[in-house]
Structure formats: structure tokens, C-alpha cells
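What the coordinates show
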Amino acid sequence: MTLPARFPHHVPVAAFLKSPAFIIIGSQLLFSISDLMGRRAMSAHGFTLASFFTWWFLIYTVIRQIAVFGQLYIYSTMELGRTVALFGAGSIIVGNILGFMLLGEKLTVPVYVGVSLAICAFLALALLPAGAAK
């Protein structure tokens, strides 16, 4: 018996990897990873011209370029307003998760309420069908 026959609810991996939510979260993760990397390097070496001619800056640039490819793909396949809102909400979500998990940042309850609202907005924009074009 094949995998789809045993698991009728199974979603093909390729379809999931092309989903807007996956690409947006992946792009935001790449942007955030490069931001953390840049933060660490700039803190250690200072904001000098020499800092931009090092191995970390090349890796930083490559990571960000891959993230831009994901962002451009989403811009080419979805409405601009919805896309910008998704990237904004995704940035808030990823930034807060990484700040909490990697940097040990603790925020106030009202800020976590705001982040929760951003998560709800992300889910609504990612999962609800787009409006009909007129």
C-alpha cells in the first residue's frame, strides 16, 4: 500500500515547501539568523570598514540574499498588501521567539499580548482565502 493510500490526509512535501507560510517563515528565519550574526560580529569587532571585509560579512550577505529570493517569490505570487502584512507579522513572531530562546529576553505581558495578536493575524492572512479580484 502506498503512503497516500495509508494516509489520505497526507500533504505532499513539495506542496508544503511551496506554501506561502513556509516560505515567509523560512525567509524571516534567514533574515533573523543573519541579524543575530551581524549583531554578534559588530559587537565584537565594532562598526568599522574592516568589519565588512571579513568571512562573517560574506556569509551574512549570502544568507540575506537567499532570504530575499524567498521574499521576491512571495511578492510575485500574492497580493502586495497581504504579503507585506505577512512579512511584518512573521518578523515580529520570529524576532520574539529568537529573542526569548537565544538571547533570554523577557518582555511584559502587554507585549506578549501584542505578539499573540500578530500570530493570529499571520494565521488569518496565511490560511484564509484571498478575496475575489474585481
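Further remarks concern the overall build of the protein. From N to C terminus, the protein includes six helices and zero strands. Its helices and strands taken in sequence order, the protein reads α-α-α-α-α-α from the N to the C terminus. Within the span of the protein, comprising 134 residues, buried residues form 25% of the whole. Of the contacts made within the protein by residues no fewer than 6 positions apart, 67% connect residues no fewer than 24 positions apart.

What follows covers the pattern of salt bridges. Counting across every chain of the model gives one salt bridge. Between Arg64 and Asp35 there is a salt bridge whose closest N-O contact spans 2.7 Å. Taken as a pair, Arg64 in helix α4 (residues 55–77) and Asp35 in helix α3 (residues 20–45) lie far apart in primary sequence, 29 residues in all. A residue is classified by how much of its surface remains accessible, and Arg64, at 25% relative accessible area, is partly exposed.

Per-residue confidence for the protein averages 82 on the pLDDT scale, and 83% of its residues sit at or above 70. Highest mean pLDDT in the protein belongs to α4 (93); lowest belongs to helix α1 (residues 3–6) (54).

Mapped onto the elements of the fold, Gln71 is located in helix α4. The class for Gln71 is buried, based on a relative accessible area of 18%. Setting aside anything within four residues of it in sequence, one finds Gln71 in contact with Ser27, Phe31 and Phe87.

Rules used in this analysis
- Counting of residues starts from 1 at the beginning of each chain's written sequence and follows it residue by residue.
- Where totals are concerned, whole chains, interfaces and linings use all residues; where local detail is concerned, this predicted model gives features only for residues with pLDDT of at least 70, and gives and counts side-chain atom pairs only at 80 or more.
- Derived side-chain values reflect all non-hydrogen atoms in the structure, with water molecules and hydrogen atoms excluded from consideration.
- Put simply, DSSP marks the helices as runs of H or I at least four residues long and the strands as runs of E at least two long, and each gets a number from the N terminus on.
- Relative accessible area decides the class of each residue, using a 1.4 Å probe on protein chains only: under 20% of the type maximum gives buried, over 50% gives exposed, and in between gives partly exposed.
- Working rule for contacts: check all heavy atoms of both residues, and any pair within 4.5 Å makes them a contact.
- Definition used for salt bridges: Asp or Glu carboxyl oxygen within 4 Å of a side-chain nitrogen of Lys or Arg.
- pLDDT gives the predictor's per-residue confidence on a scale running from 0 to 100.

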